[in-house]
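# Topology and contacts: notes
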Protein chains: 2
Amino acid sequence: MKSLLIIAHGSRRQASNEEVRNLASRIASKTSKQFDIVQSAFLELAEPSIPGGIQKCIEQGAKQIIVLPYFLSAGRHVAEDVPNEVAASRDQYPEVDIHIASYLGDIDAIADLMVEHATEAIRA
Amino acid sequence: MKSLLIIAHGSRRQASNEEVRNLASRIASKTSKQFDIVQSAFLELAEPSIPGGIQKCIEQGAKQIIVLPYFLSAGRHVAEDVPNEVAASRDQYPEVDIHIASYLGDIDAIADLMVEHATEAIRA
């Protein structure tokens, strides 16, 4: 079973955390062929934590987990904090293949998405 | 003349600010038909500021400016700080049409982009 784990920073504003959970739900509805489970998790300030999110995936049967950091820049959180949290779970569940994909802001196609969005804003 | 102004939070890490400036350059190369000018600006910690970025666009001849907040959630920065800074520039340049597009995280297609990215990470 394959699982996608979307990791966001987490916010004191519950509405921001809900945005991430809603995004995970939307992604789940689009990706049932590729991923059996889509879960969100937070680095801080919201639940579940990263180890908690990984555990939820594994409890549902995940053998492979793709971790997607929902961050725009490669700051300390992306470079150190997320990998460190994931490494601890890898040690705990050595039989599960956990792979960290590059962070959202690193996806080349985001530029195309922004072009399209900005162009629509001209028309509006 | 139309201008696209990409607004990021700004970081103490110069590399993060450079990521935003590079993104603006990549977008400029993709969008020369729609926008004569593509400029980046920062809410804090980096230059130019939002009013400074708007001024750069206007100095280059912009009559319409689309402001695109490069943020993932609708926190205080997106809901209050960016609009407040933009409002001050609108007062200063009433002849320029300045429109704030919805923030990056609000774009529906971001879910599709993440699905594609996560699926590629399975194959890798």
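Residues numbered from 1 in each chain as written. Chains lettered and ligands numbered in written order. Predicted model: local features only at pLDDT ≥ 70, side-chain atom pairs only at ≥ 80, totals over all residues. Heavy atoms only, no water.

## Some remarks on the sheet that holds strand β2 (residues 37-42) of chain B
All names here are of chain B. We count it as follows: The pairing criterion is simple: DSSP has to find at least two bridges between the two strands. In this text, helices come from DSSP runs of H or I with a minimum length of four residues, and strands from runs of E with a minimum of two, each type numbered from the N-terminal end. All axes are obtained by fitting lines to C-alpha atoms, using only the stretch in contact for helices, and the reported angles, taken between N-to-C directions, cover 0 to 180 degrees.
Across the sheet, 4 strands lie side by side as β2-β1-β3-β4; this open sheet has parallel pairing. Of all strands in the sheet, those with a lone pairing partner are β2 and β4 (97-100), marking the two edges. Pairwise comparison of adjacent strand axes, ignoring direction, gives a mean angle of 20 degrees for this sheet. Here strand β3 (residues 64-69) runs beside β4; their pairing, made up of 4 bridges, is parallel.

## Structural notes on the interface of chain B and chain A
Stated precisely, the cut-off is as follows: We call two residues in contact whenever any of their non-hydrogen atoms come within 4.5 Å of each other. Two parts placed together each lose some accessible area under a 1.4 Å probe, and adding up what both lose gives the buried area. We define a salt bridge as a contact between a side-chain nitrogen of Lys or Arg and a carboxyl oxygen of Asp or Glu at a distance within 4 Å.
Opposite the 43 residues of chain B that make contact, chain A presents 43 residues. Across the chain B to chain A interface the summed buried area is about 3800 Å²; carbon plus sulfur atoms make up 70%. When the buried surface of chain B facing chain A is broken down by residue, Leu72(B), Met114(B) and His117(B) rank first, second and third, together holding 18% of it. Across the chain B-chain A interface, the total number found is 4 salt bridges. The residue Arg26(A) makes a salt bridge to Asp108(B) at a minimum N-O spacing of 3.7 Å. Among the secondary structure elements, those contributing two or more residues to the side of chain B that touches chain A are β1 (2-8), α1 (14-30), β3 and α4 (110-123) of chain B. Here the side of chain B that touches chain A takes 11 residues from α4(B), the largest share from any one element.

## Quick look at the relation of the copies chain B and chain A
This is how it is decided: When the copies are superposed, the least-squares fit takes in the C-alpha atoms of residues with a pLDDT of at least 70 in both.
If you rotate chain B by 180 degrees and push it 0.0 Å along the axis, it lands on chain A with an RMSD of 0.0 Å. Both copies of the chain, as the preceding transformation shows, are related through a two-fold rotation axis. The fraction of interface residues of chain B whose copies in chain A are also interface residues reaches 100%, indicating that both copies meet through the same surface.

In short, geometric facts, not functional conclusions.
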